[in-house]
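Descriptive analysis of the structure
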Amino acid sequence: MFLEVSSVTKSFGGLVAVSDLDLGVNEGEIVGLIGPNGSGKTTLFNLISGVLKPEKGQIKFGGRDITGLKPHRVCQHGIARTFQLTKPFMQMTALQNVMVGRLYGSNPILSIRKSKEECESILGFMGLGGKSLARATTLGVVDRKRLEIARALATKPKLLLLDEVMSGLTPTEMEEALKLVKAIGDSGVTLIVVEHVMKAILDISSRLIVLNYGEKIAEGKPQEVVNDKKVIEAYLGD
Amino acid sequence: MFGLVAQTLVNGINVGAMYGLIAVGLSLTFGVMKILNVAHGEFLMVGGYIAFWLFTLIGLDPFLCLPFVGVILFVLGALSYKLLFSGLAKFHEEAKVKNSLLVAFGLFLIFPQIARVLWTSDERAITPAYSGESFAILGIRVGYVPLAGLLVAVVIIFGLHLFLTKTYFGKSVRGTTENWKAAKLMGINVERTYLITFAVGAALAGIAGILVGMMQTVTPDMGMPWTLKALIVLVLAGIGSVGGAFFAGLILGIVEAVSAIFIGPYTMALGLVIFLLILMFRPQGLFGKE
Amino acid sequence: MAVDWKKILPIVGILIFLIFVPLVTSRTDVLTWFFLTLLYIALSQSWNIIGGFAGQVNLGHAAFFGAGALTARYIWLHFGLPFPLALLGGAVAATLFAMLIGLPAFRLKGIYFVIGTLVLAEILRLVFYTILPEADVMPMKLLGTYSLNPRYYLSLLFAVLSVAAVYWVSRSRLGMGLLAVREDEEAAEASGVNTQKHKLVAFLISTFMAGLTGGIYAYYGAAFRPGGLFEPVWTFDAVIIVFVGGVGTIIGPIIGSVFFVLLKQFLSLYLPGGMHVAVFGVLFIIVVLFLPEGLVELITKVRHRLLGESSQIVS
């Protein structure tokens, strides 16, 4: 198992966000993570990436125990993530945003000069080619999403967690986004994708995991999971 | 011995009432909007000066100035909020909190200078005829002014408490404090709640200023020390409890009065040290939630 | 390495001009004016590192300025050691003090850090006013031979060094990390930046520089009360200079300092002392609300407008 989440529990005050969760991801997969609002998807991302520490349970990555590590250490071990509401470094240019990822991520380059070229090509790959010198505040919502992913890619992750990148996109934009995500997967990065847009997630995932109230209620091939009674109930009851 | 202890307590409560009053205003602002108004003391200063003006220019008794100062500071607070702080809505959470503090800092830079132009650096005191008078109970001196000040503070705090628990608007303030997103979804006008909360906070500070003007003096630079006092009380009390802020103010007043006997000139520093210690080791304060 | 003569020449020119000033005039008021401006440049650049680059609004900067100043003063005048040693001693003392409080200080999040640092400096101010109430006066022998020139050149040297330090940081990987921390700590962490370490490093650099600047002031001041070295004005002046000039920029604090001292001189002629602070207060608010990069941004925008370039692209 590439990523192993074992019996992880996290609660806030009285609310249990993630409850005794077991989850595994194999190298090279694109795993779709779905579930109604509040089912614990973002909390899970926060637990994996180190923003939150689980009360119980363990998280292992590539055989290494990463439970409770600080986010920057998790990133240096090769896990990157994007945020639901993009968090660009506003006053920095797109290029500088990506450069931070390259200079500090896993396997970092220490020279600013050397990182520039690589970061330019990452921006190009994400469709931000001509905008490398634009300040993040001037970028529109869609470009900020691209930038968010570009910066995450610059950290040279082995596992990338994408949090609802499709929300608010037009059908054309979504097509493009799907192509990019597939390309990222093809380049050797394992992906966990959280999405609400069903069509998109069914298209790219090789496997689906469904959460509800912090528990895993279904797992398996996308077509099977979508027809699972429990899953349908969970969404309808919401 | 009893006399000394009791007198110290009384003195402490006198000052503590003012501490409580100014802390409550800051507690409201911070609790509801997460804006740490480091210019809070400036509103106190303005209130003191306005009362001074009303008293010296038209002879209005400072206690009668209360409603006027309250209204003027309410308006001033509302204006400050409308012009300055509401412009921060465009920033995300982290930046909004930081920038609110910076904007307040800007106000803190401006107010004392304007005060200096209007009233000079001289110390002003509001001294109606009954200023120094006091009566004795069991050998303890109780000043009329501090006693009246304490009563005023208690009445106001009580009124505020009723306002927050019994009125619709008061409940919307508390709802917004808990969770502004939920409050918005329930139809509460969050922006207007913020505006009025800020204005009320300013008004409370202004009223406290009248008391300070009567019991101590008013100077252009008094804002920051009083803001710090309010902060100490706030951290002592913890966020979210209006009554708690008032009691913490009294406690601070008493602690200062007592320690003044033993460590004299270091009393002010002691308060600040307590502040830092609580911030580090018990950030939720004595009465705070969490 | 290509040398950009267009940029280097004016800088060299200004430096040569500054070097010649004391040789051309011996007017105390002019030299003092220059001295203060240069001192402010050094002081504000030191705050620029922690406040401008790392984005940590440290309102206790005066504590380190004061620690450096007081230590240097004592080592020099009371223990009789040569001044260069005292200067270094002051800076080291300031940095050690920073290391002591740095770790607990940065555990405080956001605004608690701001208030905490402010309170810390206040405590020091009150304590020193109480335990050292008397003014510390230079001995008669030194007062007799007091010359402003060495003070001038020392502050010129440090102004240049502080600008160089900021320039170096801005070009370095450290600088990128600091800016990321400033803009969004959570995103910075997610990108692999150790935010705690970065804040601490910026803090130590900043306080070391502040300590040196304090030492220069200790060398300059004929007499002052030790508590006065910890007055919040040393922090606030630096903060407003950096913000109004342009946080996280190299020229920002320089423009800000010159503007600040000029305004102070000018306004003191017509209005009660201190009005320059009010003006800066207004500018400060404008910068926070509309112009995050201060005067530098304003000048750049105006220049682009005049030259017809798009102001969307950052040069």
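Small disclaimer: the values here were computed from a predicted structure and weren't measured.

1. Looking at the overall build of chain A
- Helix and strand counts for chain A stand at nine helices and 10 strands.
- In terms of overall dimensions, chain A is globule-like: its C-alpha atoms have a radius of gyration of 18 Å, near the 18 Å expected for 238 residues.
- A principal-axis box enclosing the C-alpha atoms of chain A has dimensions of 50 × 40 × 35 Å.
- Within chain A, buried positions represent 50% of all 238 residues.
- In chain A, of all internal contacts separated by at least 6 residues, the share reaching a separation of at least 24 is 64%.

2. Notes on the overall build of chain C
- Looking only at helices and strands, chain C has 14 helices and two strands in total.
- For a compact globule of 315 residues, the expected C-alpha radius of gyration is about 20 Å, and chain C comes in at 20 Å, within 12% of that figure.
- Seen through its C-alpha atoms, chain C measures out along the principal axes to roughly 60 × 50 × 45 Å.
- Considering chain C as a whole, with its 315 residues, one finds that 52% of them fall into the buried category.
- Excluding contacts between residues fewer than 6 apart, the proportion of contacts in chain C whose partners are at least 24 apart in sequence is 79%.

3. Overview of the domain arrangement of chain A
Residues and elements named next belong to chain A.
- Considered domain by domain, chain A is made up of domain 1 (3-78 + 157-236) and domain 2 (89-150).
- In this structure, domain 1 and domain 2 have C-alpha centres spaced 25 Å apart.
- Between domain 1 and domain 2, the residue contacts involve 10 residues of the former and seven residues of the latter.
- Of all the secondary structure elements, the ones that give two or more residues to the side of domain 1 that touches domain 2 are helix H2 (71-76) and helix H6 (171-186).
- For the side of domain 1 that touches domain 2, the per-class residue count stands at five nonpolar, four polar and one charged.

4. Focus: the interface of chain C and chain B
- Contact with chain C, which involves 30 residues of that partner, is made by 28 residues of chain B.
- Within the residue set of the side of chain C that touches chain B, elements represented by two or more residues are helix H5 (110-131) and helix H13 (275-290) of chain C.
- Considered class by class, the residues forming the side of chain C that touches chain B number 24 nonpolar, five polar and one charged.

5. Quick look at unusual backbone geometry
Residue and element names in this part refer to chain A.
- The phi dihedral of Ser7 is positive, around 50°, even though this residue is not glycine.
- You can see Ser7 is positioned in strand S1 (residues 3-12).
- The backbone of Lys156 shows a phi angle near 55°, a positive value even though the residue is not glycine.
- Looking at where Lys156 falls in the secondary structure, it is placed in the loop between helix H5 (141-154) and strand S7 (159-163).

6. So, the sheet that holds strand S6 (residues 79-81) of chain A
Residue and element names in this part refer to chain A.
- With mixed pairing, six strands are arranged side by side in an open sheet as S6-S7-S8-S3-S9-S10. The open sheet has two edge strands with one neighbour each: S6 and strand S10 (215-220). Across this sheet, the average inter-strand angle for adjacent strands is 20°, counted without regard to direction.
- With four bridges connecting them, strand S3 (residues 30-34) and strand S8 (residues 190-194) associate as parallel partners.

7. Side note on the environment of C:Ala63
All names here are of chain C.
- Position of Ala63 relative to the elements: it lies in helix H3 (residues 61-78).
- Since 30 C-beta atoms lie within 10 Å of it, Ala63 is described here as buried.
- Taking the C-alpha atoms as reference, Ala63 lies 44 Å from Leu306; in sequence the two are 243 residues apart.
- Filtering out sequence-adjacent residues up to four positions away, Ala63 remains in contact with Leu120, Ala121, Leu124 and Phe230.

8. Focus on the interface of chain A and chain C
- Listed per partner, the contact involves 29 residues of chain A and 19 residues of chain C.
- If you list the elements that add at least two residues to the side of chain A that touches chain C, you get H2 and helix H3 (94-104) of chain A.
- Ranked by residues supplied to the side of chain A that touches chain C, first place goes to H3(A) with six residues.
- Across the side of chain A that touches chain C, the residue classes break down as 14 nonpolar, 10 polar and five charged.

9. Focus: the packing of helix H7 (residues 148-171) of chain C against helix H10 (residues 195-220) of chain C
Residues and elements named next belong to chain C.
- Two elements in contact, H7 and H10, have axes separated by 10 Å at closest approach and are oriented at 170°. Relative to H10, the element H7 is oriented roughly antiparallel. Judged by residue contacts, Arg151, Leu154, Ser155, Phe158, Ser162 and Ala165 of H7 engage Met209, Leu212, Thr213, Ile216, Tyr219 and Tyr220 from H10.
- Grouping the amino acids of the contact of H7 with H10 by side-chain chemistry returns eight nonpolar, three polar and one charged.

10. A word on the pairing of strand S2 (residues 15-25) of chain A
All names here are of chain A.
- One ladder, built from seven bridges, connects S1 with S2; its direction is antiparallel. Its bridge partner being in S2, Ser11 is matched across the sheet by Val16.
- Taking the residues between adjacent antiparallel strands as the criterion, S1 and S2 are bridged by two residues, where Gly13 takes a positive phi near 60°.

11. Some points on the packing of helix H1 (residues 2-33) of chain B against helix H10 (residues 242-263) of chain B
Residue and element names in this part refer to chain B.
- Across the interface, H1 lies against H10 with an axial gap of 6 Å and an inter-helix angle of 140°. The orientation of H1 relative to H10 falls into the category oblique. The two elements H1 and H10 meet at a crossing, and its hand is right-handed.
- Looking at side-chain class alone, the contact of H1 with H10 contains 18 nonpolar, eight polar and one charged residues.

12. Here's the deal with helix H9 (residues 223-237) of chain B
Residue and element names in this part refer to chain B.
- In this model, H9 (15 residues) spans 21 Å end to end at C-alpha, consistent with the 21 Å of a helix rising 1.5 Å per residue.
- With 14 of its 15 residues buried, H9 lies for the most part within the structure.
- Phi turns positive one or two residues past the end of H9, at Gly238, with a value near 90°.

13. Observations concerning the pairing of strand S4 (residues 56-61) of chain A
All names here are of chain A.
- Taken together, the five bridges between S1 and S4 define a ladder with antiparallel strand orientation. Its bridge partner lying in S4, Glu4 is registered against Lys60.
- Pairing of S4 with strand S5 (residues 64-65), which is carried by two bridges, proceeds in the antiparallel orientation. Residue pairing across strands places Lys60 opposite Asp65, the latter belonging to S5.
- Connecting S4 to the antiparallel partner S5 that follows it, the hairpin turn spans two residues, and Gly62 within it adopts a positive phi of roughly 55°.

14. Examining the nonpolar core
- B:Ile22, B:Ala23 and B:Val233 are the most contacted members of the largest nonpolar core, which totals 263 residues.
- Per-domain counts for this core show at least three residues from each of domain 1 (3-78 + 157-236) and domain 2 (89-150) of chain A.
- Beyond its immediate sequence surroundings of up to four residues, B:Ile22 is in contact with B:Leu44, B:Ala205, B:Ala208, B:Trp226, B:Lys229 and B:Ala230.

15. Thoughts on H10(B)
Residues and elements named next belong to chain B.
- In this model, H10 (22 residues) spans 30 Å end to end at C-alpha, consistent with the 32 Å of a helix rising 1.5 Å per residue.
- Here H10 has its buried residues at Val242, Gly244, Ala245, Phe246, Ala248, Gly249, Leu250, Leu252, Gly253, Glu256 and Ala257.
- Looking at the buried positions of H10, the neighbouring elements they touch are H1, helix H5 (144-166), H9 and helix H11 (267-281).

16. Topic: the environment of B:Thr127
Residues and elements named next belong to chain B.
- Looking at the secondary structure, you find Thr127 in the loop between helix H4 (93-119) and strand S1 (134-137).
- When the 15 C-beta atoms within 10 Å are taken as the criterion, Thr127 is described as partly exposed.
- Residues Thr127 and Thr217, spaced 90 residues apart in sequence, show a C-alpha to C-alpha distance of 9.8 Å.

17. Considerations on the confidence of the model for chain C
Residue and element names in this part refer to chain C.
- On average, residues of chain C carry a pLDDT of 90, and 97% of them reach 70 or more.
- Considering only residues more than four positions removed or in separate chains, one finds that residues 311-315, a stretch of pLDDT under 50, has nine contacts.
- If you check the scores for this complex, the pTM reads 0.89 and the ipTM reads 0.92.

18. Considering the environment of B:Gly139
- Position of B:Gly139 relative to the elements: it lies in the loop between S1 and strand S2 (140-143).
- Residues B:Gly139 and B:Gln7, 132 residues apart in the sequence, show an inter-C-alpha distance of 8.7 Å.

What counts and how
Residues numbered from 1 in each chain as written. Chains lettered and ligands numbered in written order. Predicted model: local features only at pLDDT ≥ 70, side-chain atom pairs only at ≥ 80, totals over all residues. Helix = DSSP H or I, 4+ residues; strand = E, 2+ residues; numbered from the N terminus. Rg over C-alpha atoms; globule rule 2.2 N^0.38 Å. Buried ≥ 20, exposed ≤ 12 C-beta atoms within 10 Å, placed from the backbone. Contact = placed C-beta atoms within 7 Å. Domains from an automatic or database assignment. Nonpolar A, V, L, I, M, F, W, Y, C, P; charged D, E, K, R; others polar. Pairing = 2+ DSSP bridges. Axes fitted to C-alpha atoms, helices over the stretch in contact; angles between N-to-C directions. Parallel < 35°, antiparallel > 145°, perpendicular 65-115°, else oblique. Left-handed = near helix turned anticlockwise from the far one by under 90°. Expected span 1.5 Å × (residues − 1). Core = buried A, V, L, I, M, F, W, Y, C linked by C-beta atoms within 7 Å. pLDDT = per-residue confidence, 0-100.

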